[in-house]
Each structure stands twice: as structure tokens, then as C-alpha cells.
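Residue-level listing of the chains:
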Amino acid sequence: MQTKITATVFLALFALVTVSQAQNSNGLSKKDQAIVPIAAFTATGEINKLKVSFAQGLDDGLTVNEIKEILVHLYAYAGFPRALNGINAFISVMEDRKAKGIKDTIGRKASPKPSDYDPNAYGHKTRNTLVGKDISKRTSGYPVFTPIIDKFLVEHLFADIFVRDVLSRQERELVTISILSAMTGTEPQLKGHLGIAMRMGYSEYKLKDFIAVLKANLGVDTAQRANQVLGSVLGKSLPPVGPTALKVIKKGAPVKAAADHFTGTATVESRFASQATHSYGGGIVNFDAGARTAWHTHPIGQTLIVISGHGLVQSEGEAVEHVFSGDVVWIPANERHWHGAAPGSAMSHVAISEPRDGSTVKWMEHVSKEQYSKEL
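Everything quoted here is computed from the prediction, not taken from an experiment. One numbering rule holds for all chains: residues counted from 1, following each sequence as written. A pLDDT threshold of at least 70 governs which residues receive local features in this predicted model, and a stricter bar of 80 or more applies before side-chain atom pairs are shown or counted, although totals over entire chains, interfaces and linings include all residues. Just so you know, side-chain values use all the structure's heavy atoms and leave hydrogens and water out.

**Q** Describe in detail the overall build of the protein, supporting the description with residues and values.
**A** The numbering of helices and of strands both runs from the N terminus, where a helix is a DSSP run of H or I of at least 4 residues and a strand a run of E of at least 2. In terms of helices and strands, the protein carries 13 helices and 12 strands. Each principal axis of the C-alpha distribution contributes one length, and for the protein these read about 80 × 75 × 45 Å. Burial classification: accessible surface area is computed with a 1.4 Å probe over protein chains only, and a residue below 20% of its type maximum counts as buried, one above 50% as exposed, and the rest as partly exposed. Burial statistics for the protein: of 376 residues in total, 42% are counted as buried. Contacts in the protein between residues at least 24 apart in sequence constitute 71% of all its contacts with a sequence separation of at least 6. Separation between the mean location of the 41 positive side-chain charges and that of the 35 negative ones in the protein comes to 7 Å. Whether two residues touch is decided by their heavy atoms; if any such pair falls within 4.5 Å, the residues are in contact. When charges are tallied, Lys and Arg are placed among the positive residues and Asp and Glu among the negative ones, while His and the ends of the chain are skipped. All charge positions are set by atom: Lys at NZ, Arg at CZ, Asp at CG, Glu at CD.

**Q** Kindly report on the nonpolar core, identifying the contributing residues and their values.
**A** Nonpolar core, defined: a set of buried Ala, Val, Leu, Ile, Met, Phe, Trp, Tyr and Cys residues in which side-chain atoms within 4.5 Å join the residues together. Residues F54, I177, I179, F210, I211 and L214 are the most contacted members of the largest nonpolar core, which totals 56 residues. With 8 residues, the top contributor of residues to this core is helix α2 (residues 30-44). In contact with I177, not counting residues within four places along its chain, are L190, H193, L194, A197, L207 and F210. Core analysis: the second largest hydrophobic core is formed by 16 residues, F262, A291, A341 and A351 among them.

**Q** Tell me about the side chain of N286, and please be specific about residues and values.
**A** Within the secondary structure, N286 sits in strand β4 (residues 281-287). As used in this structure description, the phrase polar contact means that two N or O atoms lie within 3.5 Å; if the pair is within protein, one of them must be able to donate a hydrogen and the other to accept it, and residues adjacent in sequence are counted only when both atoms belong to side chains. Engagement of the side chain of N286 in a polar contact is seen with the side chain of E269, the distance being 3.1 Å. Among all residues touching N286, those that are not within four sequence positions of it are T265, A266, T267, E269, M347 and S348.

**Q** Got a sec to walk through the packing of aromatic side chains? Specific residues and values, please.
**A** Here a Phe, Tyr or Trp ring, Trp counted by its six-membered ring, pairs with any other such ring whose centre lies within 6.5 Å, and the pair is stacked when the planes are under 30 degrees apart, edge-to-face when over 60, and tilted otherwise. In this structure the tally under the stated criterion is 7 aromatic pairs. An angle of 80° between the planes, with centres 5.5 Å apart, marks the rings of Y75 and F80 as edge-to-face. For Y75, a relative accessible area of 27% translates into the label partly exposed. With centroids separated by 6.0 Å and ring planes inclined at 40°, the aromatic side chains of F262 and F287 adopt a geometry described as tilted. Separated by 25 residues along the polypeptide, F262 in strand β2 (residues 262-263) and F287 in strand β4 bring together distant segments of the chain. Through pairs of rings, three or more aromatic residues link up here, namely F262, F287 and W363.

**Q** With reference to specific residues and values, describe a nonpolar patch on the surface.
**A** Residues F80, L84, I87 and I91 make up a contiguous nonpolar surface patch of roughly 340 Å² in combined accessible area. Relative to the elements of secondary structure, F80 occurs in helix α5 (residues 80-99). Only residues whose relative accessible area exceeds 30% and that form no salt bridge are eligible for patches; like-charged ones are grouped when within 9 Å, while nonpolar side chains (Val, Leu, Ile, Met, Phe, Trp, Tyr) are grouped when within 5 Å. Each accessible area is a Shrake-Rupley result for a 1.4 Å probe, and residues are judged covered by the shown protein chains and nothing else. We define a salt bridge as a side-chain nitrogen of Lys or Arg found within 4 Å of a carboxyl oxygen belonging to Asp or Glu.

**Q** How would you sum up the environment of S274? Please name residues and give values.
**A** Mapping S274 onto the fold places it in the loop between β3 (266-273) and β4. Under the relative-accessibility criterion, S274 is labelled buried at 4%. Sequence separation between S274 and G219 is 55 residues, and the spatial gap between their C-alpha atoms is 8.2 Å. With sequence-adjacent residues up to four places away left out, S274 is seen in contact with S279 and Y280.

**Q** Can you tell me about helix α12 (residues 220-234), naming the residues and giving the values?
**A** Over its 15 residues, α12 runs 20 Å from end to end, which matches the ideal 21 Å to within 8%, given 1.5 Å per residue. Next to the buried residues of α12 lie α9 (169-182), α10 (187-199) and α11 (204-218). Once α12 finishes, G235 follows within two positions and takes phi at roughly 75°, a positive value. Given a helix with a known number of residues, its expected span is that number minus one, times 1.5 Å.

Here it is as C-alpha cells:
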């Protein structure tokens, strides 16, 4: 009897594992999911989000060399400046993880090129395989109008880059569609590469999973744009990508503001970011009496909504403005300024700003005691 029960339990567990594995095989793997935001945020230049994606990718099983290869592949589609910014950001993340004692897997290097390697022949063969037909001798379009760019595409992108086997062709295509989805105005190229992705083994189910990863990381607008293109590739209308359900960000423990950027005691809590477009973010900043920010600027400006107390705000060269609960302050782009609490009162405000190239603020020197007192 005991043997029968044990066998039954074993079979049940085996069935559960089998079902779980089958479900996982239908969608993107954890590593594949990690590739998407790395490629997308490098393409858009959102460095702070990219750094988070690098760390998550390493934690989810990507090797250091695989991430390097993503950035190498990316420059052909998003440009050398974006790739370099991504590489420098990755260096920063690696240094930070090393300082924390985290040992990441380096991974294997690219295999040597074949002894009979001919970049022109290899490149044409690679591209023909990807697109599913022989396009080596086209008689119209950009290859005829500007043949040198076709030579670069064939011999460099589809040969010198694709011959590197750190990433599979399937993974390279995932990088490409992530880049093209994140960028605007690239819908024709995205349509072509989604077709290639399907030829490389990405099922409709996996590509819908890809859209879900875009939505979770880059927002509804980006995901919907890619979803519409995927629908045209599949030849059918797909349900629209709707906004995420109502979301409540619970108040957490306040985090002390960095002494490098604040004088006195200030805390930050309830940080938030746009769930639809990722175009803005902010949080609640609480200042003890006399506490204040350092001088700083914002690349696209900032809005402050005072929710309690008596505060002060000043643009360089102008008089100090006194603000109270219910007041709203708009600070123009790149305006050098500071804000904080009055000497005899605490003050709290909601701060909202938008990023440019991944940055929302440029910090400068502290507001001195003399500067603070002089303007009161």
C-alpha cells in the first residue's frame, strides 16, 4: 500500500513538473526576458533604467560576455553613441557589484573564425537564411542606390558580428526586435525583423510574451506600437495592449536623502513613475526645519506640489519665494535653483520630473548658510 501511494505521489509530482516545463517552453525564458529591457533601454538612452536591467540580467543568468555581445550587436541598429553609453553604464554596474562582493559569471568568448572565412560569402549566406530567400543580387532599392552600405551590412553586420557565437542567431534577433520596438519611426524594419524572429523559432506565443515584457518595462505605448506591427505580420488584428490595472503604491519607510545633495535632514518616500509611458517620476520629499537641497537643475524642468508646512524656493539671481500647503511650483528646464523648508517650519512637497537620456537631475554645490540666511 505504501509503495502504491509513493508511486502515485511521484507520478503526480512528475506530471506537475512536466506541465510546468511545457508552460515555460511556450514563453520566453528568464534569460530572454532579461535581454529585452537591456537592448531597449540602451537604444533609448535611459541609463538609470538600463543599469537596473543589467543587474537583473546578471541575476537572471546572463553572462558578462553575453551582455557585452548585446551591446556590440546593438551599435549596428541603434548607433555607436548609444552602444558606448551602454558599455560605460555596464562598466559602472560591474564595478559596483564587484565592490559588493558579487561574483558574476564571465561566460565563454566567441569561437575563432572558420579557417576559410570569407566575410562577403558568409554575410550573404547569413542574411539569406534570416530573410528566407536569396537577396544577394538585388536590382533596385538601397543596395543599388548606395551599394557601399549594402557591402557594410553584408560583410560587417551579417558576417563579422554574426559569426561571433556568444549569442545565437535567435538571441540576436530578440535583441534586434527589442531595439526596433523601443525606437520610434522604425515600424517597417520592426515588421521585417518580427518575420525573421518567427523564422528563427519564435512562436506567436513567445512574441506575445515579448510584447508583455515590453509593456512591463517600457510601458503601454511602446508595447502597443509593437503589438500593432506584430498583428500585421500575423495577418490578423490583435487585442490592444491596455494599461495596467489600477495600482496603489503603498507608503514605505522614508529613506534619508543623500548628504551630498541636501543640507540638514530630509527624507524621500512614496517614489512613483508613470506606468503607461515611463515619461515621468517623482516622490514625496520631507524637509525638517532649515533643511534644503543643493543647487541643481533638471533637463526638462520640475513641478513641486507643496503638501504641508512653509517652504522656500529660489532660482539663481532671483528673490526667494515663500510657498505653503497647496502651492504649486514650476521650475523651467536647466534652471539653477534650490528648495527646502523655512528656518522655523518643516515642509513636504511632491516632486515630479522627466528624464532626458536617463537623467532627471544635475547636482551642484550646497546652498551655504550665508546664501540661505541672506535671502530671508
